[in-house]
Amino acid sequence: MSNITNTFNNIEKYTIDDLEKSNVLASYESFTGTFKIKGHPDVNLSSPEIQKIFYLFKRIESNKDNDVIILVNEKSINNTQYATFKRRLNENGYNLTTYVISSESYESYAETEKLKSKSMDTEYETHDFINEFVKASVERNASDIHIEIRDKIARIRFKINGSLQIYLDWVDKQNVLNATRVLYTVLAQEKDKTFDETKNQQAIVPISIIDSKGKKRKLRLRLQTLRHLSSGVDVVMRVIEMKVEDREQEIDFEKLGYTNQQAKLIKRLIARPIGSTVIAGITGSGKSNKIKNMIIYINQKNNFEKKIYTIEDPPEYELPDVTQVPILRQSGDKDEVIKARILDVMKGCMRADPDVLIPGEIRDAETTNLFKSANQSGHQVLSTIHTTSAVGIIPRLEGFNLNYRDMAMPDFLVCLIYQKLVKKLCPHCSISYQEFNQKTSNTANEDIVEMIERFKKIAKDEEELEKIRFQNENGCSHCKGGILGRTVAAEIIEVDRAARGFIEKGQISELEDYWLNLSDKKWGTENMVGKTVAQHGVQKVFAGIVDPREVEREFMTIDQISLYRELIKNEEEEERNEDSKKAFTQISLD
C-alpha cells in the first residue's frame, strides 16, 4: 500500500484512496451512534466534534467485533479525546489498528460522510446540499458535475483534469434526486416546466456560492439530462464561472501551453484584419478559453477601437469592451426555433457595423453559410468546430456545403487549429526518469517496458531522455495526485498560397502531406510547424511537462505517429547502407 511519510514526525500518513485500493476496510463498517466501553462513560461517535478528530470502524463478522480500526485526522493525533479513547480501547482488550489520514483526504471523507447522513426534509436543506456540492466542485477546479441516479441509489462525481473523481459515492438516491428536481424545477432557467426523469432535458442554472475564503462567485451550470435504461437518469452540468475579465491582463499564449513558435504564429495571424481562424477540438478541449484570450489580445492590440461581437449559447465569460449577444431560450423551444434565433442574431450582428465576429460553433449548413458571408464581407472571424484534426476542418466545412473554391480564396481561411488538453505534471514532486526506472525495474509490466523502449528510440541522446518525468500519484502539498492542471497540445496550420492550391482542388491528403513536410523532423524542439497535436504532446514529454503514459493514453503509442515511422525507417535505411558499405569493403579486401 502506498503511503505518505512525514519524516519530521516519523509518522506514516495515508489517504482514504490508499485504504480502499488495499481493501483495508473491506471487512469493516463505519460505526456511528453511542459506543459503550466497560467502566468508562459512553462516547457519541455521531458527534460532529468527534468526527472532526476520528472515525471508528468495526469488523463485520460477529465473532470478531473486538477488531476495530480508527482513522484519525493527522491534525488530531495529539488530541486528548482521541488519546483517551484509544487508551480505553486498549485497556479493554480491543484489537486496535490506527491509520493516520492526511488532513485533505480526511476532511474530504468527513464531508462525504456528512452528506450521506443528511435527511433533507425541507427545501432549505436541499438548497444547502446543492450549495455544498457545487461549492466543492468549484474549489476542486472541476469542469463538470456528473450526477448518476439509478434504481435505488445515486452518486456524484466531478470531472477534474479530464478524469472523473468520486465526490459522493453510491448512497440512497432520494436526497440526490430531490436536489436534482430543485436544481431543474426551482433554480434553472431556459427549461421545460417540470423535471421529467424519462426525457432528455436541457437547462441553464444560475447560482452563486460563497467559497472557503468568503468570496462570492457567480456560476452558470449548463445542465443536460440523459435517461439511463428503464429506471435511472444522468444529470451532467458544465461548471462555468462568470468572471469579469480584466481588460489590461497580460495575454500569454505560452502559459496556456503553446510553444514560443506557436504563440508567435497565433499572434501574427490574428493580427490580420480580415480572414477567419477556426479552432477544432472535442468538448472540454479549451476552445472557449482560447477564443477568449484571442479576443482580449485583438482588443488590446487595437487599443480597444474595434467593434467586436460574440454570439454565445450560453455566455461563458464577461469580456471588457465586447458586445456579447446571448441566444435566449424559452420553455418548450424546439431545435428549429433555437436555430432560427441563432441565425437571426448572426444576421443582426453583421448589419451592426462589426470589425470582428465570433459567431460561436459552426454546426450545420446554415451557420456555415453565415460564417461564409461574414468572411466574404471583409470581417475578421473567429469560430469553432468539432472535428479530429486541423486538416480535418476543411472536409468538415465542405460537408456543411461550403465549397472548396470559396475556402481557397485569399484571406478566407487564415489559420486552422486543432487542440487537446493533457494533464500537466506537478514540477515539485514529479519523478525523474532514473528514479522511475529504478522503481519499476523489478515490477514493471510489459507495456511499461515497451513504452520506455519507444521513447529511448527517439531521444536524441541520454541527456534528452533524462528530461522525461513521471507522475507521483501520492502528490504533494502543491498538487492533487501529482497533477497540476492541464496544458494545451495543439497543431496549427497557416493557410498559405500552396495550402490554398490543395484546398481548391479538394486534395486533403496532399494538403496534409505538404504541411507535414514542413516539419524540422525533430521531437524535442519547440518549432511545431508541420507537427501534429500528438507530436506536440511528445515534445512536452521531453520538456518534462507531461508523463509519457498520458501522451500515449490521449493520442496513440508513439510508434504509430508518422514522424516516428519516418525516422525509424530512415535509421534502418542508414544501418542497411552502412552494412552494405562494410560488406563491399570486405569483398574488396578479399
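Throughout, residues of each chain are indexed from 1 in the direction in which the sequence is written. Given that this is a predicted model, residues contribute local features only at a pLDDT of at least 70 and side-chain atom pairs are listed and counted only at 80 or more, while totals for whole chains, interfaces and linings are drawn from all residues. Water and hydrogen atoms play no part in the side-chain values, which are based on all heavy atoms of the structure.

## Focus on the overall build of the protein
Right, so step 1: In this description a helix means any DSSP run of H or I spanning at least four residues, a strand means any run of E spanning at least two, and both kinds are numbered starting from the N terminus. The helix and strand inventory of the protein stands at 21 helices and 23 strands.
Right, so step 2: Per-residue and other accessible areas follow the Shrake-Rupley method at a 1.4 Å probe size, with only the shown protein chains counted as cover for residues. Split by element, the accessible area of the protein, about 29,900 Å² in all, is 45% carbon and sulfur.
Right, so step 3: The charge count treats Lys and Arg as positive and Asp and Glu as negative. His and the chain ends do not count. Throughout, a charge is located at the NZ atom of Lys, the CZ atom of Arg, the CG atom of Asp or the CD atom of Glu. Each charge class in the protein can be summarised by its mean position, and for the 85 positive and 92 negative side chains these summaries are 3 Å apart.

## Remarks on the environment of aspartate 313
Right, so step 1: Position of aspartate 313 among the secondary structure elements: in the loop between β16 (308-312) and β17 (323-326).
Right, so step 2: Aspartate 313 sits 25 residues away from isoleucine 338 along the chain, and the two C-alpha atoms are 10.0 Å apart.

## As for the pattern of salt bridges
When their charged atoms lie close together, side chains carrying opposite charge are able to pair.
Right, so step 1: For salt bridges, the criterion is a side-chain nitrogen of Lys or Arg within 4 Å of an Asp or Glu carboxyl oxygen. Per the stated rule, a full pass over the model turns up 25 salt bridges.
Right, so step 2: Note that glutamate 453 is salt-bridged to lysine 456, the shortest N-O span being 3.5 Å. Within this pair, glutamate 453 and its partner lysine 456 are both found in helix α15 (residues 446-458), separated by three residues, close to a single helical turn.
Right, so step 3: For the exposure calls, accessible area comes from a 1.4 Å probe over protein chains only, and a residue counts as buried if that area is under 20% of its type's maximum, exposed if over 50%, partly exposed in between. Given the relative accessible area of 39%, glutamate 453 is considered partly exposed.
Right, so step 4: Notably, a salt bridge pairs aspartate 547 with arginine 549, separated by 2.7 Å at the nearest N-O pair.
Right, so step 5: It is possible to trace a salt-bridge network through shared partners that takes in Glu148, Arg155 and Arg157.

## Examining the nonpolar core
Right, so step 1: Working definition of a nonpolar core: buried Ala, Val, Leu, Ile, Met, Phe, Trp, Tyr and Cys residues. They are joined through side-chain atoms within 4.5 Å. By size, the foremost hydrophobic cluster in this structure holds 64 residues, and its most contacted members are Phe371, Leu397, Leu413, Leu416, Phe455 and Val538.
Right, so step 2: Broken down by element, the residue count for this core peaks at six residues, all from helix α10 (residues 335-350).
Right, so step 3: Residues are treated as being in contact if the distance between any of their heavy atoms lies within 4.5 Å. Look past the residues within four positions of leucine 413 in its chain and what remains in contact with it is Ser276, Val278, Phe371, Ile394, Leu397, Met407 and Val495.
Right, so step 4: Listed in part, the 36 residues of the second largest apolar core include Val138, Ile147, Tyr167 and Val233.

## A word on the packing of aromatic side chains
Right, so step 1: Two rings from Phe, Tyr or Trp (for Trp, the six-membered ring) form a pair when their centres sit within 6.5 Å of each other. Planes less than 30 degrees apart are called stacked, planes more than 60 degrees apart edge-to-face, and all others tilted. In the structure shown here, the tally under the stated rule is 17 aromatic pairs.
Right, so step 2: Relative to tyrosine 99, the ring of tyrosine 14 lies with its centre 5.4 Å away and its plane at 85°, an arrangement referred to as edge-to-face. Within this pair, whereas tyrosine 14 is found in strand β2 (residues 11-14), its partner tyrosine 99 is found in strand β8 (residues 95-101), the two being separated by 85 residues in sequence. Taken as a pair, tyrosine 14 and tyrosine 99 share a single burial class, namely buried.
Right, so step 3: Centre to centre, the rings of phenylalanine 455 and phenylalanine 542 are 6.0 Å apart; their planes meet at 65°, and the pair counts as edge-to-face. Remark: phenylalanine 542 occurs in helix α19 (residues 533-542) and phenylalanine 455 occurs in helix α15; sequence separation between them is 87 residues.
Right, so step 4: Relative accessible area serves as the criterion here: at 3%, phenylalanine 542 is assigned to the buried category.
Right, so step 5: Pairwise contacts between aromatic rings join Phe31, Phe35, Phe54, Tyr82, Phe85 and Tyr94 into one cluster.

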